[in-house]
Protein chains: 2
Amino acid sequence: MTRSLQLDLGNHRYAITIGAGILPTLGSLLVPLLKGKQVAVVTNQTVAPLYLAEVQRSLQEAGFQVLPIILPDGEIYKNHETLQLIYDALIANRFERSCCLVALGGGVIGDMTGFAAASFLRGVSYVQVPTTLLSQVDSSVGGKTGINHPLGKNLIGAFYQPQLVLIDTYTLTTLPSRQFLSGMAEVIKYGIAFDADFFDFLGNNQQEILALQPDTLAVMIEKSCAIKAKVVEEDEKESGRRALLNLGHTFGHAIETLTHYDTFLHGEAVAIGMVMAADLSHRVDLCDYHSVNKITDLINSFRLPIHCPIYSEEAYLDAMSRDKKVAAGKVRFVLLAGIGQALMGRSVAEEAVRATIRDRVSFS
Amino acid sequence: MTRSLQLDLGNHRYAITIGAGILPTLGSLLVPLLKGKQVAVVTNQTVAPLYLAEVQRSLQEAGFQVLPIILPDGEIYKNHETLQLIYDALIANRFERSCCLVALGGGVIGDMTGFAAASFLRGVSYVQVPTTLLSQVDSSVGGKTGINHPLGKNLIGAFYQPQLVLIDTYTLTTLPSRQFLSGMAEVIKYGIAFDADFFDFLGNNQQEILALQPDTLAVMIEKSCAIKAKVVEEDEKESGRRALLNLGHTFGHAIETLTHYDTFLHGEAVAIGMVMAADLSHRVDLCDYHSVNKITDLINSFRLPIHCPIYSEEAYLDAMSRDKKVAAGKVRFVLLAGIGQALMGRSVAEEAVRATIRDRVSFS
């Protein structure tokens, strides 16, 4: 069963196509979308041995000339030097404006390939083939592309929409389990922040999801993309709503900073951050306690952490105030009025924040 | 007298404001256009001593915080390393998404600053304050931004429209005369390719233009921008018309290549190229001889070269076939059916091209 979602973002229409084992259809899906014959498949050393041959064959059978560009794997390579490797390969192979770049991999490959497409010859086509759950439900939608700068993440980039996003849920079978669960944190976030029914769906289908049951995964990913697309669309008209996607991120970033980004995956830190945001929402009388418990239980049932590492309250407060999203020194939190009801960033009494930190610090 | 032209390109509206001595109005013009207070003025070591203080004062008096970024002057610095200097300065000074970049200088500064704006934090505002005639009539319109790659010009970049273009014709008084005349070649091109009335205007006002008479310059620049804007707008709907802007460029690029880019300024090479394109148009029975003479005379009256340097026919043909715009080895020329009537690129019999080269090679 293949599912398809039509998006209309930034004046540009494209489809997200989701299914199990649909990688071999990439070539024929691209035929009506592309003007030229030159296609570069940008991937990394981890994904290439798994899926590059299949993608390449599909493209060649559809009549495209394929240039594979295999980059080193990891966030530390999401930089200018690696971007130059993409440009150099395209130029050395005389790629023209009618070419297309295919991003085959996770968020790092997607962000870099998207920015390379946005900036090569003032913009060429690109296609996302995300192979991690996080990139399937998050970076597939919204057109954020970019690279890191030595002084900060994602400082250089562009909003640039793909021609197509093709999500083969089968690629999740080769994704390390911890990476999958980290992606689940973002999926759960969509439920907590925007959609109580989807929150219930995740609870009711927890076993199927963890068993990677293809139809359940496809429904889950489609719904996640649809929720994110709606938020992004609304944000285009009425600025600010996109900020709700940062639920759990203020605490989460503090946790990542304090642990020097080497203890928790991003989704794990966000999972803890969402529990803390729910807890804080209850302390300032926005959210009932029953909802806080349901949120904590669902996150826990997906084997994600719910306690934060042991640092002093001061260390947490300091790490949060250095977060780049802090305007004029005031820490603002995305809070909850209940499950599915995220509220725009607001500042709260420091004592409530301290109480949440005290309560969630793990002594186990 | 200040003139203003409203453009509507790439889904984005902005104004080109033209006048003599209007640099000091920049700050107040920007107040309603910008959300934030941070403004970086990107300029070079040649322009900074002339106009930076005036621009900075105007912005500060309007309440903006101004960061000057002074780059080395020259096309050889239109590269990744210089772009990084812009990013570094913005990041070191904690520039946020609401900031604005002001490009104060010629085409190199405009292209680089525009691309920095397109790619910093996924896109911030920018404003063009072009100080050369070429950048005023050419790069102000169309949103082409970018940098060079070691293997080719403008290979990395984006289409990105400014919030405002402010053209102070007074800045032309400090422009070296040869640069001014080189810019005139592009102005004349608009007349030859698209507008016989404008062609006559240039002939009738030649003395006022060369004397930098402010009102005449403002009319001339406004008309040039309007002609280019119309071509670019039409191109957005019906692709290809923009290619007519390349009148004179096939021969022009060959001349630049053969002389290693160190003998003629770009406009000078285009001037010769336009005479050759007119000559070739006559040889293939598209254009009457009287028009060819009028074109040659007008170009000559603006002290621009009309003969090409001495190289063999083979050298010219070879240089043209290596031009990046050549598709599948066929040299295509923008030709003329008459003054104001450019025709889409077409290939012609090699013997006609050889005859044009023979005829225009200078033995003087």
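Residues numbered from 1 in each chain as written. Chains lettered and ligands numbered in written order. Predicted model: local features only at pLDDT ≥ 70, side-chain atom pairs only at ≥ 80, totals over all residues.

Right, let's talk about the overall build of chain A for a bit. Helix and strand counts for chain A come out as 14 helices and 11 strands. In terms of overall dimensions, chain A is globule-like: its C-alpha atoms have a radius of gyration of 21 Å, near the 21 Å expected for 364 residues. By its C-alpha atoms, chain A is 60 × 45 × 40 Å across when sized along the principal axes. Counting only residues that meet the buried cut, chain A has 50% of its 364 residues in that class. Residue pairs in contact within chain A that sit at least 24 positions apart in sequence constitute 74% of those at least 6 positions apart. (Helix = DSSP H or I, 4+ residues; strand = E, 2+ residues; numbered from the N terminus. Rg over C-alpha atoms; globule rule 2.2 N^0.38 Å. Buried ≥ 20, exposed ≤ 12 C-beta atoms within 10 Å, placed from the backbone. Contact = placed C-beta atoms within 7 Å.)

So, about the pairing of strand β7 (residues 144-149) of chain A. Summarising the sheet, β7(A) and strand β8 (residues 152-159) of chain A pair through 5 bridges and their orientation is antiparallel. Directly across from His149(A), in β8(A), lies its bridge partner Gly152(A). (Pairing = 2+ DSSP bridges.)

For the pair chain A and chain B, the best superposition has an RMSD of 0.0 Å and corresponds to a rotation of 180 degrees with a translation of 0.0 Å parallel to the axis. In the structure described here, the two chain copies are related by an operation that fits a two-fold rotation axis. Same-surface contact between copies: 100% of interface residues of chain A are shared with the interface of chain B. (Least-squares fit on C-alpha atoms with pLDDT ≥ 70 in both.)

Our next topic: the interface of chain A and chain B. Facing 19 residues of chain A, the contacting portion of chain B comprises 19 residues. Secondary-structure elements contributing two or more residues to the side of chain A that touches chain B are α3 (80-92), α4 (107-119), β7 and β8 of chain A. Looking at which element gives the most residues to the side of chain A that touches chain B, the answer is β8(A), with 6 residues.

Attention now goes to the confidence of the model for chain A. When pLDDT is averaged along chain A, the result is 93, and 96% of the positions lie at 70 or above. Across the predicted assembly, pTM comes out at 0.90 and ipTM at 0.87. (pLDDT = per-residue confidence, 0-100.)

Judged by nonpolar contacts, the single largest core of 228 residues is most densely connected at Val42(A), Val102(A), Ala277(A), Val42(B), Val102(B) and Ala277(B). What Ala277(B) contacts, discounting residues up to four positions off in sequence, is Leu247(B), Gly248(B), Phe251(B), Phe333(B), Val334(B), Leu335(B) and Leu336(B). (Core = buried A, V, L, I, M, F, W, Y, C linked by C-beta atoms within 7 Å.)

Bringing the sheet that holds strand β4 (residues 65-71) of chain A into the picture now. Hydrogen bonding along the main chain pairs the strands of a sheet, whether they run parallel or antiparallel. Residue and element names in this part refer to chain A. Taken in spatial order, the 7 strands line up as β1-β2-β9-β6-β5-β3-β4 in an open sheet, and their pairing is mixed. This sheet does not close on itself; its edge strands, each paired only once, are β1 (3-9) and β4. The average angle at which neighbouring strand axes cross in this sheet is 20 degrees, direction not considered. Relative to strand β2 (residues 12-19), β1 runs antiparallel, the two sharing 7 bridges. Along β2, the bridge assignment pairs Leu 9 with His 12. (Axes fitted to C-alpha atoms, helices over the stretch in contact; angles between N-to-C directions.)

Below, the discussion takes up the domain arrangement of chain A. Accessible area lost during the coming together of the parts is what is often quoted as the interface size. Residues and elements named next belong to chain A. Each domain of chain A was delimited in the assignment, giving domain 1 (3-174) and domain 2 (178-360). On a C-alpha basis, the centres of domain 1 and domain 2 stand 28 Å from each other. Each partner contributes residues to the interface: domain 1 has 22 residues there, and domain 2 has 22 residues. Counting only elements with at least two residues in the side of domain 1 that touches domain 2, the list comes to β1, β2 and α5 (133-139). Ranked by residue count, the leading element in the side of domain 1 that touches domain 2 is α5, at 5 residues. Along the lines of polarity and charge, the residues of the side of domain 1 that touches domain 2 split into 12 nonpolar, 8 polar and 2 charged. (Domains from an automatic or database assignment. Nonpolar A, V, L, I, M, F, W, Y, C, P; charged D, E, K, R; others polar.)

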